[in-house]
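Structure at a glance
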Amino acid sequence: MSKVHVIDHPLVQHKLAIVRDVRTGPKEFRELVDEIALLMAYEVTRDMALEDVEVETPIGIAHCRMISGKKIGVIPILRAGLGMVNGIVQLIPTAKVGHIGLYRDPETLQPVEYYCKLPTDIHERDLIVLDPMLATGGSAVAAIRFIKEKGGKNIKLMVLIAAPEGIAAVQAAHPDVEIFTAAIDERLNDHGYIVPGLGDAGDRLFGTK
Ligand code: PRP
Ligand code: URA
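Here goes a summary of the coordinates provided. All figures in this text were calculated on a predicted structure; none of them were measured in a lab.

Here we come to helix α2 (residues 26-44). A rise of 1.5 Å per residue sets the reference length of α2, with its 19 residues, at 27 Å; its end C-alpha atoms lie 26 Å apart and thus fit the reference within 8%. Taken residue by residue, α2 has Phe29, Leu32, Val33, Asp34, Ile36, Ala37, Met40, Ala41 and Val44 as its buried positions. Among the structural elements, α1 (10-20), α3 (85-91), β8 (125-130), β10 (154-162), β11 (178-184) and α6 (201-206) are those in contact with the buried residues of α2.

What follows is the structure, encoded as C-alpha cells:
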C-alpha cells in the first residue's frame, strides 16, 4: 500500500487556508499555489540521493554533498496541475516537464484524455505528478497509468487537497506511488467535488468562472 504524507508545515497550512477562501482571486490564488508547490517540493524530494564532492572555496577545500545526477521529471495534469509547475522548476531548474491533458466528464466523472507529451527518457527519471485536487482519483489513476505505459517507474503524486476516496483509488491502482498532500478533506459531494475543498481548481487558477 502506498504511503500518504500530509505536509503540515505551518507555511503550507497558512497558505492553503488563503487558497481555500472563496474571496481569494485568481492572481493571489496562482501565486499561493506556486508557493505551496515549492514548499511541498522540499518534502517530496527529501529522499534524493547525495554524493560526496570537494569544493574549492577561497580559503581551502570543503567536503560537501551534492545531488547525485538523478534526473527529475514533473508531469502536471492539465489544466490545474500547470499551476504547480513553476514552484518546482524554480527549485529544480533541470527538471523536464511532461504534460497530460485530462478532463473529468461532468456526467460520468470519468477522465477523458486529450493530450499527452512526456520526456522521452522518463524511464530514467524520478517523476512527480502534479494536480491540486485528488477527488475521485480517476484523473490521477489514469495519468499514472499512461505514464507507466510509456515507461515511467519511480512516480510520486503531489496534490494540495485529497479526498479519502481519491487516496483509496490511487492506493488500489498504484500501490507503488507515494502520495504527498497538504490536506485530507472530509468527503466528496454528489458532483464529485471535495468538501470543503477549494472549489474548481482550474477555474480558480485561470479565472474561467
Ligand atoms: C480537476 C482536477 C483534477 C480532477 C480531479 O480537473 O484538477 O485533475 O478534477 O478529479 P478526480 O480525482 O475526480 O479525477 P478538471 O477535470 O476539472 O479539469 P481542469 O483541470 O481542466 O479544470
Ligand atoms: N476538481 C476540482 O477542481 N475540485 C474538486 O473539488 C474536485 C475536482
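The next subject is the nonpolar core. With 37 residues, the main nonpolar core has Met40, Ile88, Leu130, Met158 and Leu160 as its most contacted residues. If one sorts the elements of this core by residue count, α2 sits on top with eight residues. Sequence-distant contacts of Leu160, that is, excluding residues within four places in its chain, are made with Leu16, Val33, Ile36, Met40, Met84, Asp131, Pro132, Thr181, Ala182 and Ala183. The next biggest cluster of nonpolar side chains, apart from the first, holds 24 residues, and it includes Ile77, Val141, Val159 and Ile179.

Around ligand 2, a shell composed of Arg104, Met133, Ala135, Gly192, Tyr193, Ile194, Gly199, Asp200 and Ala201 is seen. Residue Ile194 places a main-chain N or O atom 2.8 Å away from an oxygen atom belonging to ligand 2. At a separation of 2.8 Å, a nitrogen atom of ligand 2 approaches a polar backbone atom of Gly199. Taking 230 Å² as the accessible area of ligand 2 by itself, protein coverage stands at 88%.

Taken together, 15 residues are adjacent to ligand 1, and Arg104, Asp131, Thr136, Gly137 and Ser139 come closest. Arg79 is positioned with one of its side-chain polar atoms (N or O) 2.9 Å from an oxygen atom of ligand 1. Within the side chain of Thr136, one N or O atom sits 2.5 Å away from an oxygen atom of ligand 1. For ligand 1, whose accessible area on its own is 500 Å², the fraction buried by protein is 90%. The residue makeup of the shell around ligand 1, split by class, is six nonpolar, five polar and four charged.

Axis separation between helix α4 (residues 138-149) and helix α5 (residues 164-173) bottoms out at 8 Å; the angle between their running directions is 25 degrees. If you check the angle between α4 and α5, you find them roughly parallel. The two elements α4 and α5 cross, and the hand of that crossing is right-handed. Of α5, the residues touching α4 (which contributes Ala140, Val141 and Ile144) are Ala169, Val170 and Ala173. Along the lines of polarity and charge, the residues of the contact of α4 with α5 split into six nonpolar, no polar and no charged.

Turning next to the pattern of salt bridges. Taken as a whole, this structure holds 11 salt bridges when the rule is applied. A salt bridge links Glu124 to Lys71, with the nearest nitrogen and oxygen atoms 3.0 Å apart. Of the two residues, Glu124 sits in the loop between β7 (111-117) and β8 while Lys71 sits in strand β4 (residues 71-78), which places them 53 residues apart along the sequence. In this structure, Asp176 engages Lys148 in a salt bridge whose closest nitrogen and oxygen atoms are separated by 2.8 Å. Pair noted here: Asp176 is in the loop between α5 and β11 and Lys148 is in helix α4, with a separation of 28 residues, a long-range link. Residue Lys148 is classed as partly exposed on the basis of its relative accessible area, which comes to 29%. Residues joined by salt bridges that share partners form a network here, namely Lys71, Asp121, Glu124 and Arg125.

What counts, and where the lines are drawn
- Residues numbered from 1 in each chain as written.
- Chains lettered and ligands numbered in written order.
- Predicted model: local features only at pLDDT ≥ 70, side-chain atom pairs only at ≥ 80, totals over all residues.
- Heavy atoms only, no water.
- Helix = DSSP H or I, 4+ residues; strand = E, 2+ residues; numbered from the N terminus.
- Expected span 1.5 Å × (residues − 1).
- Buried < 20%, exposed > 50% of the residue type's maximum accessible area, 1.4 Å probe, protein only.
- Contact = heavy atoms within 4.5 Å.
- Core = buried A, V, L, I, M, F, W, Y, C linked by side-chain atoms within 4.5 Å.
- Near = heavy atom within 4 Å.
- Polar contact = N/O pair within 3.5 Å; in protein donor to acceptor, adjacent residues only side chain to side chain.
- Areas by Shrake-Rupley, 256 points an atom, 1.4 Å probe, with all protein chains shown as cover.
- Nonpolar A, V, L, I, M, F, W, Y, C, P; charged D, E, K, R; others polar.
- Axes fitted to C-alpha atoms, helices over the stretch in contact; angles between N-to-C directions.
- Parallel < 35°, antiparallel > 145°, perpendicular 65-115°, else oblique.
- Left-handed = near helix turned anticlockwise from the far one by under 90°.
- Salt bridge = Lys/Arg side-chain N within 4 Å of Asp/Glu carboxyl O.

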